[in-house]
Amino acid sequence: MQIKSGFVLREVCGEKVIVGEGLDAINFGKLLSLNETAAWLWKQAKEMGDFSVDDLAAKLCEEYEVLADDAKADVAEMLDEWKQVGVVE
Amino acid sequence: MTNYYTVAGHIFSVCGEEEIFSRMDNYAPFSSGAAETVVFSLSVEGGEPPAYVEEIRQDDEGQVIICGRTPAGEPVFEYRWGGKSAGWLICSADYVRSRLVVTDGYQKLAVDNALMVLYALATARLQTALFHAAAVSYKDCAYMFLGKSGTGKSTHARLWQQYIEGVELVNDDNPVVRIMDDGQAWVFGSPWSGKTPCYRPVSYPLKGIVLLSQAPYNKIERLRGIQAYAALVPSISGKRWDERIADGLHQTENTLASHVPVWHLECLPDEAAARICNETISA
């Protein structure tokens, strides 16, 4: 999986938001609001380029005190939402 | 000949044959003396259209703007009206030096559109935004009305002028907002005002921004944070797939969303809409 080209993480009035700014994302027309953890995961995903649920869950376990199964379930749920909104493929 | 103009405190220059300037009456109120540094310069010329590769196009009721790049990487904008090319704008990468190749037809439209694009792009990093909005003044402050085309921005501005004492039109279509060094946002008139001639070099502190939408009733509510930001973004001209432009505009939009009250007015085109809006946002 990867983050679609043209999507950018921005800080808007103190909150983390994904906006479509690139040529391929200019007609996104929405803002996707992320909590601190999701924003941190977005940055990890962006750095990795190509990533899987397991990759991000592993990162999450390194950074936060969380059980492996919980991390995997949370990441899978978050990625499902991102897929539905259309910011990953 | 070369003429200089000041809009929202930013000076730009236009160079070309005298004939071009005979159709630039809307710029006369913004005329300024020659300056050593300008935010951008435009040279209007004849000549051959440039070779370029299309990146994206925007079609607005038969007015087509095609954005692309020359083989050397220079940004290009081609303007077409009714299927006919009116001009090609070829820019330096930072939009500071540009030339406009014009054809026989629609020269005035090509010059106006080129200057608007250049102004929006060259000032994006300078805490400045060219809005698609109507702006009015009331009690020494400015208020801006935003909304999609056809929502009734001009109509709402006219209703304020008609029913509220002391209201004047600042600009009907393209006011400029600039965040000054002290952090305060100001609205400025511009040489571009859509169908209503209103080319006034005036400025006022920005006290409120209203997103309009049509409804069978009148209701106003405050937008905050991300909602306020989301209301501003579609009303600001730019080229957001250019990262530096997007970064500059984001800073301006974020400052405005944080510091200037933003409202959503669902309204009818009537006196009551103007009154409820005026009383709420100028309180």
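Going by the structure above, here's the rest.
K.L.:
Is there a simple way to think about the overall build of chain A in this case?
P.N.:
Within chain A, the secondary structure is distributed over 3 helices and 3 strands. Of the regular secondary structure in chain A, the N- to C-terminal order runs β-β-β-α-α-α. Across the 89 residues of chain A, 26% fall into the buried class. Partitioning the contacts of chain A with sequence separation of at least 6, the portion at a separation of at least 24 is 32%.

K.L.:
What is the right way to read the interface of chain B and chain A from this model?
P.N.:
Accessible area lost when the parts come together is the quantity often used to give the size of an interface. Contact residues are listed per partner, giving 13 residues for chain B and 11 residues for chain A. Among the elements of the structure, strand S5 (53-60), helix H4 (225-232) and helix H5 (243-259) of chain B are those that each provide at least two residues to the side of chain B that touches chain A. Top contributing element to the side of chain B that touches chain A by residue count: H5 of chain B, with 5 residues. For the side of chain B that touches chain A, the per-class residue count stands at 7 nonpolar, 4 polar and 2 charged.

K.L.:
Looking at this structure, I do not really get helix H1 (residues 36-48) of chain A. What am I missing?
P.N.:
Because each turn of an α-helix spans 3.6 residues, side chains separated by three or four positions in sequence point in the same direction. All names here are of chain A. For H1, built from 13 residues, the straight-helix expectation of 18 Å at 1.5 Å per residue is met to within 8% by its first-to-last C-alpha distance of 19 Å. Buried within H1 are the following residues: Leu41, Trp42 and Ala45. One face of H1 carries all of its buried residues, which in axial projection span an arc of 110°. Exposed residues on H1 whose side chains face more than 90 degrees from its buried face are Glu36, Lys43 and Glu47. Residues of H1 that are buried in the fold lie against strand S1 (7-12), strand S3 (31-34), helix H2 (53-63) and helix H3 (68-85). Once H1 ends, the next one or two residues include glycine 49, with phi positive near 80°.

K.L.:
What am I meant to see in the sheet that holds strand S3 (residues 31-32) of chain B here?
P.N.:
Adjacent strands of a sheet pair through backbone hydrogen bonds, lying either parallel or antiparallel. Residues and elements named next belong to chain B. Here 9 strands make up an open sheet; going across it, the order is S3-S1-S2-S4-S9-S8-S7-S6-S5 and the pairing mixed. At either end of the open sheet lies a strand with only one pairing partner, and these are S3 and S5. In this structure, strand S4 (residues 40-45) lies alongside strand S9 (residues 97-102), joined through 5 bridges in parallel fashion. Across the sheet, serine 43 pairs through a bridge with arginine 99, a residue of S9.

K.L.:
When you look at unusual backbone geometry in this model, what are you seeing that I'm missing?
P.N.:
With the exception of glycine, most residues fall at negative phi, and the peptide bonds are largely trans. All names here are of chain B. For glutamine 127, which is not a glycine, the phi torsion comes out positive at approximately 55°. Structurally, glutamine 127 can be placed in the loop between helix H2 (107-122) and strand S10 (128-130). In the Ramachandran plot, aspartate 140 falls in the positive-phi region, its phi being about 65° despite a non-glycine side chain. Mapped onto the fold, aspartate 140 is located in the loop between strand S11 (134-138) and strand S12 (141-146). Given 9 C-beta atoms within 10 Å, aspartate 140 falls into the exposed group.

K.L.:
Looking at this structure, how should I read the packing of H2 of chain A against H3 of chain A?
P.N.:
Relative orientation and spacing of two packed helices are given, respectively, by the angle between their axes and the distance between those axes. Residues and elements named next belong to chain A. In the contact formed by H2 and H3, the axes pass within 8 Å of each other and the chain directions differ by 125°. Taken together, H2 and H3 sit at an angle that is classed as oblique. Between H2 and H3 lies a crossing of right-handed hand. Facing Val53, Leu56, Ala57, Leu60 and Cys61 of H2, the residues of H3 in contact are Ala68, Ala71, Lys72, Val75, Ala76 and Leu79. Each residue belonging to the contact of H2 with H3 can be placed in one class, and the counts come to 10 nonpolar, no polar and 1 charged.

What counts and what doesn't
- Residues numbered from 1 in each chain as written.
- Chains lettered and ligands numbered in written order.
- Predicted model: local features only at pLDDT ≥ 70, side-chain atom pairs only at ≥ 80, totals over all residues.
- Helix = DSSP H or I, 4+ residues; strand = E, 2+ residues; numbered from the N terminus.
- Buried ≥ 20, exposed ≤ 12 C-beta atoms within 10 Å, placed from the backbone.
- Contact = placed C-beta atoms within 7 Å.
- Nonpolar A, V, L, I, M, F, W, Y, C, P; charged D, E, K, R; others polar.
- Expected span 1.5 Å × (residues − 1).
- Arc of directions from axis to C-beta.
- Pairing = 2+ DSSP bridges.
- Axes fitted to C-alpha atoms, helices over the stretch in contact; angles between N-to-C directions.
- Parallel < 35°, antiparallel > 145°, perpendicular 65-115°, else oblique.
- Left-handed = near helix turned anticlockwise from the far one by under 90°.

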